[in-house]
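This is what each chain is made of:
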Amino acid sequence: MLTLVYAFNFIDRQIIGILSPFIKQELGLDDAQLGYLKGFYFAVLYTVMGIPVAWLADRYSRINIITLSLILWSGFTALSGLAGNYLQLALCRIGVGIGEAGGTPPAHSIIADLFPAKERATAMALYALGIPFGIMLAYLASAFVLSGGQADWRSVMIAVGLPGVALAVLLKFTVKEPVRQQSPAEQQRPMLDSIAQLLKTPCWWGMVLGITLSSFANYAVIGWQMDYFVRRFSDIDIVWLLIVFGVINGTLYALGVWAGGVIADRWGRSNPGAYARLPALALCLGVPAFLVAIHSDSLWVAIAGFTLLQVTSGTYFGPCFAMAQTLSPANCRAMSTALFFFVLNLIALGGGPTFVGILSEYYITSHGQLNGLVKAFEWLALPFVLSILMFGWTSLRLPLDLEKVRRGNR
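Per chain, the residues get numbers from 1 upward, laid out in the order the sequence is written. Whole-chain, interface and lining totals are the exception, using all residues; otherwise, since this is a predicted model, local features are given only for residues with pLDDT of at least 70 and side-chain atom pairs are given and counted only at 80 or more. Excluding hydrogens and water, the side-chain values take into account all heavy atoms of the structure.

### Quick notes on the nonpolar core
In this structure, Tyr-228, Phe-340, Phe-377 and Leu-380 are the most contacted members of the largest nonpolar core, which totals 130 residues. To qualify as a helix, a DSSP run of H or I must reach at least 4 residues; to qualify as a strand, a run of E must reach at least 2; elements of each kind are numbered from the N terminus. The greatest single-element share of this core, amounting to 18 residues, is contributed by helix H18 (residues 333–378). For this analysis, residues touch if any pair of their heavy atoms sits within 4.5 Å. Look past the residues within four positions of Tyr-228 in its chain and what remains in contact with it is Ala-293, Ile-294, His-295, Ser-296, Ala-302, Phe-306, Leu-370, Leu-373, Val-374 and Phe-377. The set of buried Ala, Val, Leu, Ile, Met, Phe, Trp, Tyr and Cys residues whose side-chain atoms join them within 4.5 Å is what this entry labels a nonpolar core. Three labels apply to residues, based on accessible area from a 1.4 Å probe with only protein chains included: buried if under 20% of the type maximum, exposed if over 50%, partly exposed otherwise in between.

Structure representation (structure tokens):
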């Protein structure tokens, strides 16, 4: 159920990027305005609201918080379909961000209470399958609604938003609040002391910065890939392309997410540094493929390159989410995820799509619509390389920090 809720989280988060070409055409927006819609407007309150919501989740019913949050973000997604201008659409995106702030921190806390540390990367990877499944459903729902010929992007927004309200009711009546798993020492520790301990853990920051740098680029790629393919292959069938990307996300991308958690848990039994080493190695394969893809005139080479980047990037969700919990005292697990996501989403989700949009608009004047976007994409090599280096450093330090956490809990 939590995975399904997370899927709806990503449906509503990514639908704006999928429908971007249609919104741009109807409302007459430029790339910079689209970038703000895809990134900054959503992320600004999403990141800020996550911290007070996590404070509540570490004290009160996490299921109730997720239920109310799901109703809120789904409702604002549906309202986006009624937006008459850019300002109204921006306000709806802010509303979606506020709602989604209450989704993942309490969900991570629940999963950490249900699974021991040696199984958490696998469990978190299964939860993170909501990302590819959500993106898949967003693509396929868009293809289904638009294939009739009479519908537009507004119909898609309403069609993907309203089912989330029904799911919230189902969640409330089917999932029970689990017992919080805390050691006696953790039960007596003040919350602020636990947070201070967490923020002094080098590898917690290493995992945060590793996923943040990579996600900065990946959110930009996902948010702008439809625009890229429409501009590069101008005669392409949009509905067919939506179906292709939907299938890729639901199969290959999902496989990468699942495999990342399973491999990290198995490799991590003999080498704890594997939780960071695996993402570094995977990105060394995906990033070059992406750089080849954006310069190719072959449709299938471009699709293959974007796909390989997605598959290899998916490997970091399970390990990173697991370490956010394992390195955290049990009495501030939701807060650990909220702080993790504060850094991740303020920089990556807020900055990535916005950064590419602003750069693309700058380059369009001298390079044209297509090449302007390609030039903006090329800049993403920098955060990708920095992410690989950060994951590599963390893999060397991780065994030491994990042992310190175990000693502290005992």
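Moving on, there is more to tell.
### Thoughts on the packing of helix H3 (residues 31–38) against helix H4 (residues 40–57)
Closest axis-to-axis distance for the H3/H4 pair is 4 Å, and the angle between their directions is 25°. In terms of their interaxial angle, H3 and H4 are classed as roughly parallel. Judged by residue contacts, Gly-35, Tyr-36, Leu-37 and Lys-38 of H3 engage Phe-40, Tyr-41 and Phe-42 from H4. In this classification, Asp, Glu, Lys and Arg are treated as charged, Ala, Val, Leu, Ile, Met, Phe, Trp, Tyr, Cys and Pro as nonpolar, and every other residue, Gly included, as polar. Looking at the contact of H3 with H4 residue by residue, the class counts come to 5 nonpolar, 1 polar and 1 charged. Interaxial angles span 0 to 180 degrees and are taken between N-to-C directions of axes, which are lines fitted to C-alpha atoms, for helices over the stretch in contact. An angle below 35 degrees is treated as roughly parallel, one above 145 as roughly antiparallel, one from 65 to 115 as roughly perpendicular, and anything else as oblique.

### Observations concerning the layout of surface pockets
A pocket here means an open set of points on a 1 Å grid, computed over the protein atoms alone, that has protein on both sides within 12 Å along at least five of seven lines. A cavity is instead a set of points where a 1.4 Å probe fits but cannot get out; residues with an atom within 4 Å of a point line either one. Grid points are joined across faces, edges and corners, and a volume is the space filled by probe spheres set on the points. Put simply, the second largest pocket is a space of about 200 Å³. The wall of the second largest pocket is formed by 13 residues, among which Met-1, Leu-2, Ile-111, Leu-114 and Phe-115 lie closest to the centre. At the level of elements, helix H1 (2–18), helix H7 (104–114) and helix H8 (120–128) are the ones that each hand at least two residues to the lining of the second largest pocket. A class-by-class count of the residues in the lining of the second largest pocket yields 11 nonpolar, 1 polar and 1 charged.

### A word on the packing of H1 against helix H2 (residues 20–27)
Close contact between H1 and H2 brings their axes to 5 Å; oriented N to C, the two are set at 60°. If you check the angle between H1 and H2, you find them oblique. Contacts between H1 and H2 pair Ile-16, Gly-17 and Ile-18 from the former with Ser-20, Pro-21 and Ile-23 from the latter. Residues belonging to the contact of H1 with H2 are distributed by class as follows: 4 nonpolar, 2 polar and no charged.

### Thoughts on the environment of Val-356
Structurally, the position occupied by Val-356 is in helix H18. Discounting chain neighbours no more than four positions away, the residues touching Val-356 are Ala-220, Trp-224, Leu-373, Ala-376, Phe-377 and Leu-380.

### Re H4
Residues spaced three or four apart along an α-helix point in a common direction, a consequence of the helix completing one turn every 3.6 residues. By definition here, a helix of n residues has an expected span of 1.5 Å times n minus one. Over its 18 residues, H4 runs 25 Å from end to end, which matches the ideal 26 Å to within 8%, given 1.5 Å per residue. To get the bend at any residue, fit one axis to the seven residues that end at it and another to the seven that begin at it, then take the angle between the two axes. Maximal helix bending in H4 amounts to about 30°, located at Gly-50; proline Pro-52 follows within four positions. Among the residues of H4, Phe-42, Ala-43, Tyr-46, Thr-47, Gly-50, Val-53, Ala-54 and Ala-57 are the ones counted as buried.

### Considerations on the environment of Val-96
One can find Val-96 in helix H6 (residues 86–100). In this structure Val-96 comes out as buried when scored by relative accessible area, which is 1%. Distance from Val-96 to Ser-74, taken between C-alpha atoms, is 7.2 Å for residues 22 residues apart in sequence. When residues no more than four places from it in sequence are discounted, the contact partners of Val-96 are Asp-12, Phe-42, Trp-73, Phe-76 and Thr-77.

### Structural notes on the confidence of the model for the protein
Per-residue pLDDT for the protein has a mean of 88; in total, 96% of the residues score no lower than 70. Summary of the metric used: pLDDT quantifies the predictor's per-residue confidence within the range 0 to 100. Considering each helix and strand of the protein separately, the mean pLDDT is smallest for helix H11 (residues 184–188), with a value of 55, and largest for helix H15 (residues 274–293), with 96.

### A look at empty space enclosed by the protein
One pass over the full model with this rule turns up 5 cavities of 30 Å³ or more. Looking at the largest cavity, its volume works out to about 150 Å³. Surrounding the largest cavity, 16 residues form its lining, Ser-215, Tyr-219, Tyr-253, Tyr-316 and Phe-317 being those nearest its centre. The set of elements that each furnish at least two residues to the lining of the largest cavity consists of H1, helix H13 (202–232), helix H16 (299–313), helix H17 (317–326) and H18. At 5 residues, H13 tops the list of elements feeding residues into the lining of the largest cavity. The class makeup of the residues in the lining of the largest cavity is 12 nonpolar, 4 polar and no charged.

### Regarding the side chain of Thr-201
The residue Thr-201 is located in the loop between helix H12 (191–199) and H13 in this model. With sequence-adjacent residues up to four places away left out, Thr-201 is seen in contact with Leu-327 and Asp-401.

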